[in-house]
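# Architecture at a glance
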Amino acid sequence: MSATAAARKRGKPASGAGAGAGAGAGKRRRKADSAGDRGKSKGGGKMNEEISSDSESESLAPRRTEEEEEEELEETAQEKKLRLAKLYLEQLKQQEEEKAEAREFEEDQVAGRLKEDVLEQRGRLQKSVAKEIQAPAPTDIRMLRGHQLSITCLVITPDDSAIFSAAKDCTIIKWSVESGRKLHVIPRAKKGAEGQPPGHSSHILCMAISSDGKYLASGDRSKLILIWEAQSCRHLYTFTGHRDAVSGLAFRRGTYQLYSTSHDRSVKVWNVAENSYVETLFGHQDAVAALDALSRECCVTAGGRDGTVRVWKIPEESQLVFYGHQGSIDSIQLINEEHMVSGADDGSVALWGLSKKRPLALQREAHGLRGEPGLEQPFWVSSVAALLNTDLVATGSHSSSVRLWQCGEGFRRLDLLCDIPLITGNQNKPPTSDPEVVKIQAWWRGTLVRRTLLHAALRALIIQNWWRQKLVKLLEDKRRMALETFIQREWAAVRLQSWVRMWRIHRRYCCLLNAARIIQAYWRCHSCATQGFIKGHYRVTANQLHLELEILLGSEPCIVTECIPLPIKE
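Keep in mind the model is a prediction, meaning the values are calculated, not measured.

### Side note on the overall build of the protein
- Each helix and strand counted, the protein has 6 helices and 29 strands in total.
- Considering only intrachain contacts with a sequence separation of at least 6, the fraction spanning at least 24 residues in the protein is 41%.
- When the accessible surface of the protein is summed, it comes to about 38,100 Å², and 53% of that surface belongs to carbon and sulfur atoms.

As structure tokens, then:
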């Protein structure tokens, strides 16, 4: 913009020559514009039509202020070019700034992702998601019914589309997460029945699913591990080798390597893709209660009553032992490759790091206390779960609630987020104000009480009869053992006595035989001319030894006869 225009905009007069020149130029432009307008108004119809269309488009545009119109009228061609160039440069600069910001944002995203990958490989990734979690409303919680007995374990497919549940009724049910319907049921297998579809015949205690959702593994109290195709629930393999109930299963992420643990205190490694056994590890002093694994070639176990948490390094065949709980450690879950959470029946929840043998954080009485005053006992923690590589942990207990916890920085603190109460089947119970309902309930309670008492009495009678039979059998066993012991002792004494008697007889006979030999040798060496000899014989009866010696010297024999009673006494 020129100096004259700037001065007029600020309301200041310009200098003489410049002002006059600018005023003359402005008058000439205004005259030319007015003359051009008059010439255009005298034009033909087509021109009028074009002008009318231009005027319509101009009327749609926002009207400019008088100052802007005056500035445009007073602006020269050079000034206009300069102004447009500046506007173009400003647009280019703004575009470059926007591109730089987008590039920085993309670089920040890539750098953040790379940092997360590095932390995840090192096992130190901790995404902060717990602050965004809110307790679900009761209407948001759905209840799925299908099992006849208590549910023991659950697994969710990697794509979050289905849930597998197993229970003490020896069945496995596949549920749809979206609709809540049953997709497939693996029934209980009958013992000794041939031609039946494969399945479990005892309580199912644990399950695991591979990271790609291809294989499902389940373990039961009858020492068996069954491998299923997760999509079709078709049985593939059966692994045997444990000597007690299988209590824990886990797949190594990204592979088909399966870890299993049992009440026989061992940890076994299997290859599901090759249907093969790999190796067995020992170390726990009591039944192992739980197991978990991630992508590293190692697994963690909860040792139950031996009070230890162990990290097993499979290639090195070594283990790390951690102590911290005061009761039985019944559940464990890995948060990332370097940290884990465990729960025990003393009501405590612990956070662990592989670099320290003691808990990084220990929350006692995590679900509160129960019992009368002075006799309070903590609600034991029966299960734990963690959202992978985050700071969110969940615990379950028989206090009828699930609690969500936030792990502090460095997993050195546990803060309670919310308490989710258990939804029971008694929420739709009819009101008890109706007298008929009260009568029915009282009758039903009485029936249940009588039935319970009858069952208790029958069980007591059965136990008493069994105990009597057991006592009689034990008494007979004791008598038989005492008689066998007495017979063995008597037989040993008789054999010893017979050996002693025979030894004494043999000794006496040897003495007499030696004496006869001495006499014979003496008479052989005698210088007299007489000749003689000795002969003898003996006979052994039940209680005597008959010995007869005949000595011939010349013509007169000498006969010696002796009867020795048995046993021989000195």
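### Remarks on the confidence of the model for the protein
- Looking at the protein as a whole, the pLDDT averages 80, with 77% of positions reaching at least 70.
- Contacts from residues 1-63, a stretch scored under 50 in pLDDT, to residues over four places away or in other chains number 20 contacts.
- Overall, residues 427-432 carries pLDDT values under 50, and its contacts beyond four positions in sequence, including any with other chains, amount to 3 contacts.

### Considerations on the sheet that holds strand β16 (residues 318-323)
- One open sheet holds the 4 strands; their spatial order is β13-β14-β15-β16, and the pairing between them is antiparallel. Sheet topology places β13 (290-293) and β16 at the edges, where each strand pairs with a single neighbour. Put simply, the sheet's adjacent strands are angled 20° from each other on average, direction ignored.
- Where strand β15 (residues 308-313) meets β16, 6 bridges bridge the pair, whose relative direction is antiparallel. When the bridges of β16 are listed, Thr308 appears paired with Tyr323.

### What to know about a negative patch on the surface
- There is a patch of like negative charges on the surface, built from Glu97, Glu98, Glu101 and Glu104.
- Mapped onto the elements, Glu98 comes out in helix α5 (residues 77-122).
- On the basis of relative accessibility, which here comes to 47%, the residue Glu98 falls in the partly exposed class.

### With respect to the side chain of Gln406
- Take Gln406: it is sitting in strand β25 (residues 401-407).
- Assessed through its relative accessible area of 17%, Gln406 is described here as buried.
- Residues within four places of Gln406 in sequence aside, it is in contact with Ala130, Lys131, Asp391, Arg413, Leu414, Asp415 and Leu417.

### A word on the environment of Thr301
- Note on placement: Thr301 falls in strand β14 (residues 298-302).
- You can call Thr301 buried: its relative accessible area is 0%.
- Between the C-alpha atoms of Thr301 and Asp330, which are 29 residues apart in sequence, the distance is 9.6 Å.
- Once residues within four sequence positions are removed from consideration, Thr301 is found in contact with Val267, His284, Val288, Ala290, Leu291, Thr308, Val309, Arg310, Trp312 and Ile332.

### Some details on the packing of aromatic side chains
- What the rule picks out here adds up to 6 aromatic pairs.
- Ring geometry for Trp270 and Tyr277: centres 5.5 Å apart, planes at 70°, overall edge-to-face.
- In this structure Tyr277 comes out as partly exposed when scored by relative accessible area, which is 45%.
- Ring geometry for Trp466 versus Trp467: centroids 6.0 Å apart, planes at 40°, classification tilted.

### Quick look at the pattern of salt bridges
- If you walk through the whole model with that rule in mind, you get 8 salt bridges.
- Measuring nitrogen to oxygen at the nearest pair gives 2.8 Å for the salt bridge that ties Glu229 to Arg234.
- Take Arg234: its relative accessible area is 48%, and that puts it in the partly exposed class.
- Shared partners join several salt bridges into a network, and the residues in it are Arg296, Glu337 and Glu338.

### Details of the sheet that holds strand β1 (residues 151-156)
- Reading across the sheet, the 4 strands line up as β1-β2-β3-β4 and stay open at both edges, with antiparallel pairing between neighbours. Only two strands of the sheet have a single partner each, and these edge strands are β1 and β4 (182-186). Shown here is a sheet whose adjacent strand axes are inclined to one another by a mean of 15°, direction ignored.
- One ladder, built from 5 bridges, connects strand β2 (residues 162-167) with strand β3 (residues 172-176); its direction is antiparallel. From the neighbouring strand, Ser165 faces β3, where its bridge partner is Ile173.

### Thoughts on the side chain of Asp391
- Checked against the element boundaries, Asp391 lands in the loop between β23 (381-386) and β24 (392-397).
- No salt bridge is formed by the buried Asp391, whose closest oppositely charged neighbour, Lys131, lies at an N-O distance of 7.1 Å.
- For Asp391, the side chain forms a polar contact with the main-chain nitrogen of Val129, separated by 3.1 Å.
- Asp391 has contacts with Gln126, Lys127, Ser128, Val129, Ala130, Trp405, Gln406 and Cys407, leaving out every residue within four places of it along the chain.

What counts, and at which threshold
Residues numbered from 1 in each chain as written. Predicted model: local features only at pLDDT ≥ 70, side-chain atom pairs only at ≥ 80, totals over all residues. Heavy atoms only, no water. Helix = DSSP H or I, 4+ residues; strand = E, 2+ residues; numbered from the N terminus. Contact = heavy atoms within 4.5 Å. Areas by Shrake-Rupley, 256 points an atom, 1.4 Å probe, with all protein chains shown as cover. pLDDT = per-residue confidence, 0-100. Pairing = 2+ DSSP bridges. Axes fitted to C-alpha atoms, helices over the stretch in contact; angles between N-to-C directions. Patch = residues over 30% accessible without salt bridge, like charges linked within 9 Å, V, L, I, M, F, W, Y side chains within 5 Å. Salt bridge = Lys/Arg side-chain N within 4 Å of Asp/Glu carboxyl O. Lys, Arg positive; Asp, Glu negative; His and termini not counted. Charge placed at Lys NZ, Arg CZ, Asp CG, Glu CD. Buried < 20%, exposed > 50% of the residue type's maximum accessible area, 1.4 Å probe, protein only. Phe/Tyr/Trp six-rings, centres within 6.5 Å; stacked < 30°, edge-to-face > 60°. Polar contact = N/O pair within 3.5 Å; in protein donor to acceptor, adjacent residues only side chain to side chain.

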